[in-house]
Amino acid sequence: MSDENTTTAVWIPLTPKDVPELEALLRNEAPFVASTIDTDDHYRLVNYIKHSIHGGAQIAAILDRNLVSRVVALAVGRRVDHSSPGSATDRVAAACMAFLIAAEVLTEPNISLYELTESEDTSDGQTDLIAFRIADHIHPQAYLEVALGRAHGIAPELIEQARRIIEGRDPRAVDLAMPLRHWRRHRCVLAEIALLERTSLSGREKFERLIQWSVSPGFFDGVAIAFAARLFGRAKPSGRLLKHARSANAAKCLAGIRNAAWDLTYISHWAKQSVADEGRRIWILCTNDKVLQDLAKVAVGDESQISELFQKNWQPAEAVELEQQYFDAWSRAQSSLERSNSMRKRFEQIDELTASIEAKIRESCDG
């Protein structure tokens with residue numbers, strides 16, 4: 001998507017004087033990660049609208065669970081207490097929806113619905129899917145009022161109006177009970193990472209053990225390894241990583257692994273879609289989680305992004321050595337015909353491998 005500096009007038013379905021404030025809010029929070037949008041400013045609304053007018057590739061956005069849950073809450077009539085600390089994320093979620101709807105960006109909440117279904121036994125995901133489709137048809141100005149703190153929620157008549165629009169339409173239901181391949185892979189590697197985190201090994205030793213495990217019996221999961229580089233590194237980055245990894249409560253530790261696996265699934269699904277749809281559709285990842293944003297940039301970046309990841313999280317000498325160890329191990333694995341032939345079987349048995357690692361975590365808690 002290229003910047004358009006012409007003076008062609010375009011219609012934006014928002015109060016004109018509010019648009020700069022919306023853009024400034026999003027620019028400050030920076031929830032968008034995009035690998036193929038050719039623009040100096042990802043938060044200039046008119047660029048998106050002109051892109052659509054000129055027949056550019058369709059733009060689609062994947063929203064993470066934290067944003068989807070807040071959007072769905074607004075769509076069912078819940079109100080935001082702007083005085084509460086958590087309201088900042090509510091305003092970001094509302095700002096994202098105001099911007100994306102006004103820009104006619106296709107929104108895709110399915111990964112968050114998979115997460116909901118897996119984590120909550122009482123949810124089938126379809127109710128939230130319908131609620132999100134209602135949310136997707138609410139006038140963007142209503143979200144902007146919430147984003148700017150001028151309203152506590154969406155007016156009931158606007159929710160009802162959106163509900164009437166989607167009535168009778170195919171809700172585009174998906175099989176939310178279907179396990180996601182990305183999530184299962186991330187869960188397995190993160191279980192190994194959590195097991196290493198519970199040991200008394202140094203951060204470097206933990207990372208080196210993970211690389212060895214990735215060669216055999218595991219596999220190379222680039223996003224999860226980038227996650228581990230942050231977790232085991234010395235830079236102590238801000239933001240949440242692997243919750244309850246050291247907890248004596250096995251249930252808490254395993255729940256933290258599952259939650260982190262969903263976080264990584266947003267990234268891997270977005271990266272896969274970006275590659276698969278290159279030239280036909282541009283994908284944006286929307287998340288207010290700074291850790292996810294950094295990992296997403298590594299997932300679609302070149303080797304310089306990987307180098308930067310090590311440099312940010314390790315002392316200079318260690319950064320160079322560990323990066324070289326990683327690339328050497330990956331290269332050996334890629335060139336190993338024997339390993340290549342065994343990978344299909346490994347992935348077929350991934351649930352058994354995960355269960356064996358989680359059993360070790362439970363044993364460490366019992367001990």
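All residue numbers here refer to positions counted from 1 along the written sequence of the relevant chain. Local features in this predicted model are restricted to residues whose pLDDT is 70 or higher, and side-chain atom pairs enter the listing and the counts only when it is 80 or higher, whereas totals over whole chains, interfaces and linings include all residues. Hydrogen atoms and water are omitted, and side-chain values are computed over all heavy atoms in the structure.

> Would you mind going over the overall build of the protein with me for this structure?
Each helix corresponds to a stretch of at least 4 residues labelled H or I by DSSP, and each strand to a stretch of at least 2 residues labelled E; elements are numbered beginning at the N terminus. Tallying secondary structure elements over the protein gives 17 helices and 4 strands in all. Throughout, exposure labels follow a simple rule: accessible area from a 1.4 Å probe, protein chains only, divided by the maximum for the residue type, with under 20% read as buried, over 50% as exposed, and the rest as partly exposed. A burial count over the protein gives 52% of its 367 residues as buried. Pairs at least 24 residues apart make up 78% of the contacts formed inside the protein by residues separated by at least 6 positions. Contacts between residues were defined by any pair of non-hydrogen atoms, one from each residue, lying within 4.5 Å.

> Explain the packing of aromatic side chains here, please?
Note on aromatic pairs: the rings of Phe, Tyr and Trp (six-membered ring only in Trp) are paired at centre separations within 6.5 Å, and the planes decide the class, stacked below 30 degrees, edge-to-face beyond 60, tilted for the rest. If you walk through the whole model with that rule in mind, you get 10 aromatic pairs. Their ring planes at 50° and their centres at 5.9 Å tell us that Trp-213 and Phe-219 sit as a pair that is tilted. Both residues of the pair, Trp-213 and Phe-219, belong to the buried class. Each member of the aromatic cluster is reached from another via a ring pair, and the members are Phe-32, Tyr-43, Tyr-48 and Phe-99.

> Please explain helix H7 (residues 140-147) as it appears in this structure.
Every α-helix carries 3.6 residues per turn, so stepping three or four residues along brings you back to the same face. Along H7, 7 of the 8 residues are buried, which leaves the element largely enclosed by surrounding structure. Within H7, burial applies to Pro-140, Gln-141, Ala-142, Tyr-143, Leu-144, Val-146 and Ala-147. Of the surrounding secondary structure, the elements contacted by the buried residues of H7 are helix H1 (19-29), helix H3 (65-75), helix H4 (87-102), helix H6 (126-135) and helix H8 (156-166). Gly-149 lies just past H7 and shows a positive phi near 75°.

> Sorry if this is basic, but what is going on with the packing of H3 against H4 here?
The relative placement of two packed helices comes down to the angle between their axes together with the axis-to-axis distance. Helix axes are fitted to C-alpha atoms over the stretch in contact, other axes to C-alpha atoms as well, and angles between N-to-C directions run from 0 to 180 degrees. For the pair H3 and H4, the least separation of the axes is 9 Å and the interaxial angle reads 80°. When the axes of H3 and H4 are compared, the pair comes out roughly perpendicular. Where H3 abuts H4, its residues Asn-66, Leu-67, Arg-70, Val-71 and Leu-74 lie against Thr-89, Asp-90, Val-92, Ala-93, Ala-94, Cys-96 and Met-97. Here the contact of H3 with H4 is built from residues that sort into 8 nonpolar, 2 polar and 2 charged. Orientation is classified from the angle alone, with under 35 degrees giving roughly parallel, over 145 giving roughly antiparallel, 65 to 115 giving roughly perpendicular, and any other angle giving oblique. By the convention adopted, Pro, Cys, Tyr, Trp, Phe, Met, Ile, Leu, Val and Ala count as nonpolar, Lys, Arg, Asp and Glu as charged, and the other residues, Gly among them, as polar.

> I keep staring at the state of the cysteines and nothing clicks. Help me out?
Two cysteines whose sulfur atoms are joined by a covalent bond form what is called a disulfide. In this description, a disulfide is simply a cysteine sulfur pair whose atoms lie within 2.5 Å. Applying the stated criterion across every chain, the model contains 0 disulfides. There is no disulfide at Cys-286, and the cysteine sulfur nearest it, in Cys-96, is 5.1 Å away. Residue Cys-365 stays outside any disulfide, its sulfur separated by 6.0 Å from that of Cys-253, the closest cysteine. For Cys-365, a relative accessible area of 16% corresponds to the buried category.

> Is there a simple way to explain the environment of Val-80 in this structure?
Within the secondary structure layout, Val-80 lies in the loop between H3 and H4. In this structure the C-alpha to C-alpha distance between Val-80 and Gly-153, which are 73 residues apart in sequence, comes to 6.1 Å. With residues up to four places along the chain from it excluded, the contact list for Val-80 reads Leu-74, Ser-87, Asp-90, Val-146 and His-152.

> Explanation requested: the pattern of salt bridges in the structure shown.
When the charged atoms of two side chains with opposite charge come close together, those side chains can pair. Whenever Lys or Arg places a side-chain nitrogen within 4 Å of a carboxyl oxygen from Asp or Glu, that contact is recorded as a salt bridge. Counted under the stated rule, the structure contains 16 salt bridges. The partner of Glu-197 in a salt bridge is Arg-246, with the nearest N and O atoms 3.4 Å apart. One end of the pair, Glu-197, is in helix H9 (residues 181-197); the other, Arg-246, is in the loop between helix H11 (222-232) and helix H12 (250-276), and 49 residues separate them in sequence. Residue Arg-246 is classed as exposed on the basis of its relative accessible area, which comes to 52%. Arg-230 is the salt-bridge partner of Asp-294, the closest N and O atoms lying 3.2 Å from each other. Of this pair, Asp-294 sits in helix H13 (residues 290-300) while Arg-230 sits in helix H11, and the two are 64 residues apart along the sequence. Classification of Arg-230 by relative accessible area gives buried; the value is 7%. Members of the salt-bridge network, linked through shared partners, are Lys-17, Asp-18, Glu-145 and Arg-150.

> Where do I start with the confidence of the model for the protein in this structure?
Should pLDDT be low for a region, the predicted coordinates there are not to be read in detail. pLDDT is defined as a per-residue confidence score from the predictor, taking values between 0 and 100. When pLDDT is averaged along the protein, the result is 87; 89% of the residues meet or exceed 70. The element-level mean pLDDT for the protein is lowest in helix H5 (residues 110-119), coming to 77, with H7 highest at 98.

> Would you mind going over the layout of surface pockets with me for this structure?
Unfilled space is identified by rolling a water-sized probe across the atoms. Considering only enclosed or pocket space, the largest pocket measures out at about 790 Å³ in volume. Along its surface, the largest pocket is lined by 31 residues, and Phe-220, Asp-221, Gly-222, Val-223 and Tyr-326 are the ones closest to its centre. Secondary-structure elements contributing two or more residues to the lining of the largest pocket are H9, H11, H12, H13, helix H14 (303-313), helix H15 (316-335) and helix H16 (337-348). A per-class count over the lining of the largest pocket returns 20 nonpolar, 8 polar and 3 charged. Here a cavity means grid points, on a 1 Å grid over the protein atoms only, where a 1.4 Å probe fits yet cannot get out; a pocket means an open set of points with protein on both sides within 12 Å along at least five of seven lines; lining residues are those with an atom within 4 Å of a point. Grid points are joined across faces, edges and corners, and a volume is the space filled by probe spheres set on the points.

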